[in-house]
Amino acid sequence: MLELPLLRLPFQVQMEITDICNLRCSHCYHFDTGNMPRSNDLIDNNFFRLVQKMIDNRIYSIVFTGGEPLMRPKTLIKAIEMVKVAGLQVSINTNLLLLTPQLLAEFKNLMVDSFLVSCPASEPDVYKKITCLGQYSIFSKKLEMLLKAGFPSQINMVVTRTNYPFIRSTATDMAKRGVKNFSVTPACLNVDHPDLKSLLSEKQTSTVLEDLRWCADTLGLKVDTLVALPKCFFPEWWWKRDPLLFKNRTCQAGRMSASISNVGDVRPCPHNPIIYGNLFQESMEQIWDKMVVYRNDGTIPGVCKNCPSVEFCRGACRTNALAVTGKLNEPDRLTVGHVNLPKKERKSIVFDENSVVKFRGKLRWRNEFEGHYSITSKKSGGNLIIVNAEMLRFMSWLEKSLPLTVKSLVEKSASGSADAAFVEIVETLIRKEFISVS
């Protein structure tokens, strides 16, 4: 099993179905929101051509975003249908204000996997100030609809100096409504129109982490932040927590994910304005190859390269560095210095020959390079690994053959023995959550 990323194509793409939005959020990375250009959205058939290209390329996960994706409801529904028939994971990033009972029923019928919902504050005046055209009372009703429908949902609160004092009050309101997943994301700079005055200071960003701890400990929320911060910036208390507050996030732009605009331009992420090609002129694989700088350490700042934790951090968000310094390989403004991340002791896995082995999830795979394949069994791709052809055959056999006792597994598997290498494989598959043993 090999380390990622060794991907021939991205794992996930974010597809901007439109550049039109019903709001004018002050922190938007997409445009100068005070001077929105005329839309140049593709006609439906051309947008569906882009969707089909992603299906043909065996992309694992598609996120439909915008603009506001609910501005084109019929196009969105057809695109979701195409993707779900092909077996891909589908998520929607939305401000939720245009949700209708009819749309919700369509999403339920198509089994949309999850929603990422933007909410800058639960205080109506602050919500209005940030979104310009939005009303919290409407948002509140739409959120209630979504939660009642039972969709896996995450509220994302993008914070600037305007709304960061309202994190705890917003989280409290969300928890009362039944929200389980709550993320607070320090606003990334719009590279073309950087608003440095609204950017959180170091002290304010530290306060965000404290607030997230409060949200988890006091409200019982599962918390996160959707931007990669330098690992050296996190306070000592954060590393001492077991388990950590949220996933040890590393920026995956150009490494695991890419963004496709409403005209087919491909960028490393929605925040990054650098266009590496257009899907009506080149293949996704050709364009992905041009992004190799994100995968070959070319964007890691020089000051970070000898850090013992560089592979877990990679200098944090490269687009923020680009916005501030004009270069992708400059340090993030929150960078402190080298840090040794504390090593967590692995919990021992105990099983015997009578333990029952079960397969978890549904196996998905894609050919990557020279007889190697990416595989995952989670919808989110959270256990994605690279394996050779022999291991892929073994995993396919496991999915079809389990459940079995460990004794039967040893007898029926290709190895036919319980030697140390076989036991190590089983333990790895348990840790990666491909299988469980009880």
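Description of empty space enclosed by the protein
Turning to step 1, where the next piece is worked out: One pass over the full model with this rule turns up four cavities of 30 Å³ or more.
Turning to step 2, where the next piece is worked out: Size it by volume and the largest cavity reaches roughly 140 Å³.
Turning to step 3, where the next piece is worked out: If you trace the largest cavity, you find 15 residues lining it, with Ala187, Leu229, Asn320, Arg333 and Leu334 closest to the centre.
Turning to step 4, where the next piece is worked out: Ranked by residues supplied to the lining of the largest cavity, first place goes to helix H11 (residues 318-325) with three residues.
Turning to step 5, where the next piece is worked out: Tallied by class, the residues present in the lining of the largest cavity amount to eleven nonpolar, two polar and two charged.

Side note on the packing of aromatic side chains
To describe a pair of aromatic rings, one takes the distance between the centres and the angle between the planes.
Turning to step 1, where the next piece is worked out: This structure, assessed with the given rule, holds 16 aromatic pairs.
Turning to step 2, where the next piece is worked out: Ring geometry for Trp238 and Trp239: centres 4.8 Å apart, planes at 85°, overall edge-to-face. For the pair Trp238 and Trp239, one class covers both residues: buried.
Turning to step 3, where the next piece is worked out: Through pairs of rings, three or more aromatic residues link up here, namely Phe234, Trp238, Trp239 and Phe246.
Turning to step 4, where the next piece is worked out: The positively charged end of Lys108 is found above the aromatic ring belonging to Phe151, 5.3 Å away from the centroid.

Considerations on helix H1 (residues 44-56)
Turning to step 1, where the next piece is worked out: In this model H1 runs 18 Å from its N-terminal to its C-terminal C-alpha over 13 residues, within 8% of the 18 Å that 1.5 Å per residue would give.
Turning to step 2, where the next piece is worked out: Taken together, the buried positions of H1 are Phe47, Phe48, Leu50, Val51, Met54 and Ile55. Viewed along the axis of H1, the buried residues span an arc of 150°, placing them on a single side of the element. In H1, the exposed residues that point more than 90 degrees away from the buried face are Asn45 and Asp56.
Turning to step 3, where the next piece is worked out: Looking at the buried residues of H1, the elements they touch are strand S1 (12-16), strand S2 (61-65), helix H2 (73-85), strand S8 (257-260) and helix H9 (284-290).
Turning to step 4, where the next piece is worked out: A positive backbone phi angle near 55° is found at Arg58, which sits one or two residues after H1.

Let's talk about the layout of surface pockets
Turning to step 1, where the next piece is worked out: In this structure, the second largest pocket encloses a volume near 440 Å³.
Turning to step 2, where the next piece is worked out: Forming the boundary of the second largest pocket are 18 residues, of which Ala86, Gly87, Leu88, Lys362 and Arg364 lie nearest the centre.
Turning to step 3, where the next piece is worked out: Of the residues in the lining of the second largest pocket, the class split is seven nonpolar, four polar and seven charged.

A few points about the sheet that holds strand S5 (residues 153-159)
Turning to step 1, where the next piece is worked out: Reading across from one edge, S7-S6-S5-S4-S3-S2-S1-S8-S9-S10 is the order of the ten strands in this open sheet, with mixed pairing throughout. Single-partner strands in this sheet number two, and they are strand S7 (222-224) and strand S10 (277-278).
Turning to step 2, where the next piece is worked out: Across four bridges, the pairing between strand S3 (residues 89-94) and strand S4 (residues 114-118) is parallel. Pairing of Asn93 across the sheet is with Leu116, part of S4.

Considerations on helix H4 (residues 124-131)
Turning to step 1, where the next piece is worked out: Listed as buried for H4 are Val126, Tyr127, Ile130 and Thr131. Across the axial projection of H4, the buried residues extend over an arc of 115°, all falling on one side. Residues of H4 that are exposed and angled more than 90 degrees away from the buried face: Pro124, Asp125 and Lys129.
Turning to step 2, where the next piece is worked out: Taken together, the buried residues of H4 touch helix H5 (136-148).
Turning to step 3, where the next piece is worked out: Residue Cys132 follows H4 closely and has a positive phi angle near 70°.

Quick look at the sheet that holds strand S12 (residues 364-369)
Turning to step 1, where the next piece is worked out: Taken together, three strands build an open sheet; the order of strands is S12-S13-S14 and the sheet is antiparallel. Each having just a single partner strand, S12 and strand S14 (385-388) make up the two edges of the open sheet. For this sheet, the mean inter-axis angle between neighbouring strands, taken without regard to orientation, is 35°.
Turning to step 2, where the next piece is worked out: Here strand S13 (residues 372-376) pairs with S14 via four bridges, running antiparallel. Looking at the pairing, Ile375 lines up with Ile385 of S14.

Remarks on the pairing of S2
Turning to step 1, where the next piece is worked out: Of all the five residues making up S2, five are buried; the element is thus mostly covered by neighbouring parts of the structure.
Turning to step 2, where the next piece is worked out: On S2, burial covers both faces: Ser61, Val63 and Thr65 on one face and Ile62 and Phe64 on the other are all buried.
Turning to step 3, where the next piece is worked out: Pairing between S1 and S2: five bridges, direction parallel. Within the sheet, the bridge partner assigned to Met15 lies in S2 and is Phe64.
Turning to step 4, where the next piece is worked out: Where S2 lies against S3, four bridges are found, and the strand directions are parallel. If you follow Phe64 over to S3, its bridge partner there is Ile92.
Turning to step 5, where the next piece is worked out: The handedness of the S2 to S3 crossover, carried by H2, is right-handed.

Some remarks on the packing of helix H6 (residues 167-177) against helix H7 (residues 202-219)
Turning to step 1, where the next piece is worked out: For the pair H6 and H7, the least separation of the axes is 10 Å and the interaxial angle reads 30°. Judged by the angle between their axes, H6 and H7 are roughly parallel. Relative to H7, H6 is oriented so that their crossing is right-handed. Between H6, through Ile167, Arg168, Ala171, Thr172 and Ala175, and H7, the contact on the second element is made entirely by Val208, Glu210, Asp211, Trp214, Cys215 and Leu219.

Conventions adopted
Counting starts from 1 at the beginning of each chain's written sequence and moves along it residue by residue. Two thresholds apply to this predicted model, a pLDDT of at least 70 for residue-level local features and 80 or more for giving and counting side-chain atom pairs, whereas whole-chain, interface and lining totals are computed over all residues. Excluding hydrogens and water, the side-chain figures rest on all heavy atoms present in the structure. Lining residues are defined by having an atom within 4 Å of a point belonging to a cavity or pocket. Those points lie on a 1 Å grid over the protein atoms alone, cavities being sets where a 1.4 Å probe fits but cannot get out and pockets being open sets with protein on both sides within 12 Å along at least five of seven lines. Grid points are joined across faces, edges and corners, and a volume is the space filled by probe spheres set on the points. Counting from the N terminus, the helices are DSSP H or I runs at least four residues long and the strands are E runs at least two residues long. In this count, Pro and Cys sit with the nonpolar residues alongside Ala, Val, Leu, Ile, Met, Phe, Trp and Tyr, while Asp, Glu, Lys and Arg are called charged and the others, Gly among them, polar. For this analysis, a ring pair means two rings from Phe, Tyr or Trp (six-membered ring only for Trp) whose centres lie within 6.5 Å, classed as stacked if their planes differ by under 30 degrees, edge-to-face if by over 60, and tilted for the remaining angles. Note on exposure labels: buried denotes an accessible area under 20% of the residue type's maximum, exposed denotes more than 50%, and partly exposed covers the range between, all computed with a 1.4 Å probe on protein chains only. In this analysis the charged atom, NZ for Lys or CZ for Arg, is taken to sit over a ring once it is within 6 Å of the ring centre and within 35 degrees of the ring normal. In this scheme, a helix's expected span is set at 1.5 Å multiplied by one less than its residue total. An arc is given here, and it is the one of the directions from the helix axis to the C-beta atoms. In this description, contact between two residues means that some pair of their heavy atoms is separated by no more than 4.5 Å. Two strands pair under a simple rule: DSSP has to find at least two bridges between them. Think of each axis as a best-fit line through the C-alpha atoms, taken over the contacting stretch in the case of a helix, with angles from 0 to 180 degrees between the N-to-C directions. A crossover gets the label right-handed when its path from the first strand over the helix to the second runs clockwise, viewed with the strands pointing away from the viewer. Convention used here: angles under 35 degrees read as roughly parallel, angles over 145 as roughly antiparallel, angles from 65 to 115 as roughly perpendicular, and any remaining angle as oblique. Crossing handedness: left-handed means the near helix sits turned counterclockwise from the far one by under a right angle, and right-handed means the same turn made clockwise.

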